[in-house]
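Now for the letters of each chain:
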Amino acid sequence: MTQSKAKKKRMHVKRTKGNDVEKNRQFSPFSTHERLTKTKKESIDQNYTKHRKPNHSEDY
């Protein structure tokens, strides 16, 4: 496979200057954003109430 231009530049800097720019990247051993999926009950409730018209007779 071919290498991207950015990777070629990084390898060139590493060869010529000796510093590895990939070490400057911030690394986190875990995901920094939350992945929240709905529970089965929440998805069922949403589909149940999604196309229902609100009942305004309860307001009286």
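So, a few notes on the structure that sits alongside this text. (Residues numbered from 1 in each chain as written. Predicted model: local features only at pLDDT ≥ 70, side-chain atom pairs only at ≥ 80, totals over all residues. Heavy atoms only, no water.)

### A short note on the overall build of the protein
Here comes step 1: Tallying secondary structure elements over the protein gives 2 helices and 0 strands in all.
Here comes step 2: Per-residue burial over the protein gives 0% buried out of 60 residues.
Here comes step 3: Summed over its atoms, the accessible surface of the protein is roughly 6,800 Å², and 53% of this surface lies on carbon and sulfur atoms. (Helix = DSSP H or I, 4+ residues; strand = E, 2+ residues; numbered from the N terminus. Buried < 20%, exposed > 50% of the residue type's maximum accessible area, 1.4 Å probe, protein only. Areas by Shrake-Rupley, 256 points an atom, 1.4 Å probe, with all protein chains shown as cover.)

### Looking at the pattern of salt bridges
Here comes step 1: If you walk through the whole model with that rule in mind, you get 3 salt bridges.
Here comes step 2: With a shortest N-O distance of 4.0 Å, Lys 14 and Asp 20 are connected by a salt bridge.
Here comes step 3: The exposure class of Lys 14 is partly exposed, given its relative accessible area of 47%.
Here comes step 4: Since its relative accessible area comes to 22%, Asp 20 is described here as partly exposed. (Salt bridge = Lys/Arg side-chain N within 4 Å of Asp/Glu carboxyl O.)

### Remarks on helix α1 (residues 5-16)
Here comes step 1: The terminal C-alpha atoms of α1, which comprises 12 residues, lie 16 Å apart, in line with the 16 Å expected from a rise of 1.5 Å per residue.
Here comes step 2: Within two residues after α1, Gly 18 carries a phi angle of roughly 90°, on the positive side. (Expected span 1.5 Å × (residues − 1).)

### Comments concerning the environment of Arg 10
Here comes step 1: Position of Arg 10 among the secondary structure elements: in helix α1.
Here comes step 2: Beyond its immediate sequence surroundings of up to four residues, Arg 10 is in contact with Val 21, Glu 22 and Arg 25.
Here comes step 3: Of the polar contacts made by the side chain of Arg 10, one reaches the side chain of Glu 22; its length is 3.1 Å. (Contact = heavy atoms within 4.5 Å. Polar contact = N/O pair within 3.5 Å; in protein donor to acceptor, adjacent residues only side chain to side chain.)

### Examining the environment of Glu 42
Here comes step 1: Relative to the helices and strands, Glu 42 is located in helix α2 (residues 40-50).
Here comes step 2: On the basis of relative accessible area, Glu 42 is assigned to the partly exposed category, the value being 44%.
Here comes step 3: There is a polar contact of 3.1 Å between the side chain of Glu 42 and the backbone nitrogen of Thr 39.

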